Amino acid sequence: MDKISIAIDGPASSGKSTVAKILAKKLHYVYCDTGAMYRALTYLAIQHHVDFNDEDQLIALCEAHQITFQPTEKGQLVFLDEEDVTVAIRQPDVTNAVSVVAKHQQVRAKMVALQQEIAKAGGIVMDGRDIGTVVLPQAEIKIFLVASVTERAQRRYKENLEKGITTDFETLKAEIQRRDHLDSTRTVSPLVQADDAVKIDTTGLSIEKVVDSIQNIIVEKGFSIF
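Cut-offs used in this document
- Residues numbered from 1 in each chain as written.
- Predicted model: local features only at pLDDT ≥ 70, side-chain atom pairs only at ≥ 80, totals over all residues.
- Heavy atoms only, no water.
- Pairing = 2+ DSSP bridges.
- Helix = DSSP H or I, 4+ residues; strand = E, 2+ residues; numbered from the N terminus.
- Buried < 20%, exposed > 50% of the residue type's maximum accessible area, 1.4 Å probe, protein only.
- Polar contact = N/O pair within 3.5 Å; in protein donor to acceptor, adjacent residues only side chain to side chain.
- Contact = heavy atoms within 4.5 Å.

Enquirer: Outline the sheet that holds strand E5 (residues 83-84), listing residues and values.
Expert: In space, the 3 strands of this open sheet follow the order E3-E4-E5, with antiparallel pairing throughout. If you trace the sheet from one side to the other, it starts and ends with strand E3 (67-72) and E5, each paired once. Alignment of E3 against strand E4 (residues 75-80), held across 6 bridges, turns out to be antiparallel. Directly across from Thr 72, in E4, lies its bridge partner Gly 75.

Have a look at this one:
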């Protein structure tokens, strides 16, 4: 099988991470959760009482701590040094601040360098908001996932309930709309569909259907998945 690079971009709760994880497992590829990397830095900023707009201190935090991934039978875990922060970085305080942390040019440059290093060998599935445009512009397969705000809020609401996190549905909708605005209007690496990316509207589609659609796109472009 050709060891290609697959970039999956899209707004918050469009299904990127879930789809990327399943696809990577099916293809026996490495999965890189770029969003988790920014979330981990945001978590660090909260723990160390660093202003989300203080770019220099954010970079200092990033350089002082190591973000790593550890695959397990129950899924991929995220570690900050020796601490498992898989659940902690999905809490509302991190979710509501991560777009502010991720807007800084030096922060993104630092993360992009780390992500490109991970992807050097190929055989990678990477999801985020600027993978196809900035991190892996040479990726053979680029996907841009979208979904309605209502559907994305419903997904986040369900995920939160499963994690024991209670949140108001209308508040979630407002937070997602706010993140969409921040992500698409930031000066550095805004959320935008790459010219050569294939858009898939996941509204009303099952995860399995979306994964199947991406596998079909891979085959249509002449790459083997078996």
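Enquirer: Could you give an account of unusual backbone geometry, with specific residues and numbers?
Expert: Although it is not a glycine, His 49 adopts a positive phi angle of roughly 55°. As for its position among the elements, His 49 is in the loop between helix H2 (34-47) and helix H3 (55-64). His 49 gets classed as exposed once you look at its relative accessible area, which sits at 74%. One non-glycine residue, Asp 81, lies in the positive phi region at around 55°. Looking at where Asp 81 falls in the secondary structure, it is placed in the loop between E4 and E5. Residue classification places Asp 81 among the partly exposed residues on the basis of a relative accessible area of 35%.

Enquirer: Explain the pairing of strand E1 (residues 5-9) to me, using residue names and the numbers behind them.
Expert: With respect to burial, E1 is a largely interior element, 5 of its 5 residues being buried. Inspection of the sheet shows E1 paired to strand E6 (residues 124-128) by 5 bridges, in the parallel sense. Note on E6: the bridge partner recorded for Ser 5 is Ile 124. In the sheet, E1 pairs with strand E7 (residues 141-146) via 4 bridges, with the strands oriented parallel. Its bridge partner being in E7, Ile 8 is matched across the sheet by Ile 143.

Enquirer: Talk me through the environment of Val 219; I want residue IDs and the actual numbers.
Expert: The topology assignment puts Val 219 in helix H10 (residues 207-220). Residue classification places Val 219 among the partly exposed residues on the basis of a relative accessible area of 46%. Spatially, the C-alpha atom of Val 219 lies 35 Å from that of Thr 187, the residues being 32 residues apart in sequence.

Enquirer: If you had to explain the pairing of E7 to someone new, which residues and values would you point to?
Expert: Of all 6 residues in E7, 6 are buried; the element is thus mostly enclosed. Side chains Ile 141, Ile 143 and Leu 145 of E7 all project onto a buried face; the interleaved residues Lys 142, Phe 144 and Val 146 project onto the opposite face, where all are buried too. Alignment of E7 against strand E8 (residues 198-201), held across 4 bridges, turns out to be parallel. Residue Val 146 lies in a different strand from E8, and its bridge partner there is Asp 201.

Enquirer: How would you explain the side chain of Arg 129 if you had to name every residue and give the values?
Expert: Considering the arrangement of structural elements, one finds Arg 129 in the loop between E6 and helix H7 (131-135). A polar contact of 2.6 Å, which involves the side chain of Arg 129, links it to the side chain of Asp 183. Discounting residues that sit within four places of it in the chain, Arg 129 has contacts with Asp 9, Gly 10, Pro 11, Ala 12, Lys 16, Arg 179, Asp 183, Arg 186, Pro 190, Leu 191 and Val 192.

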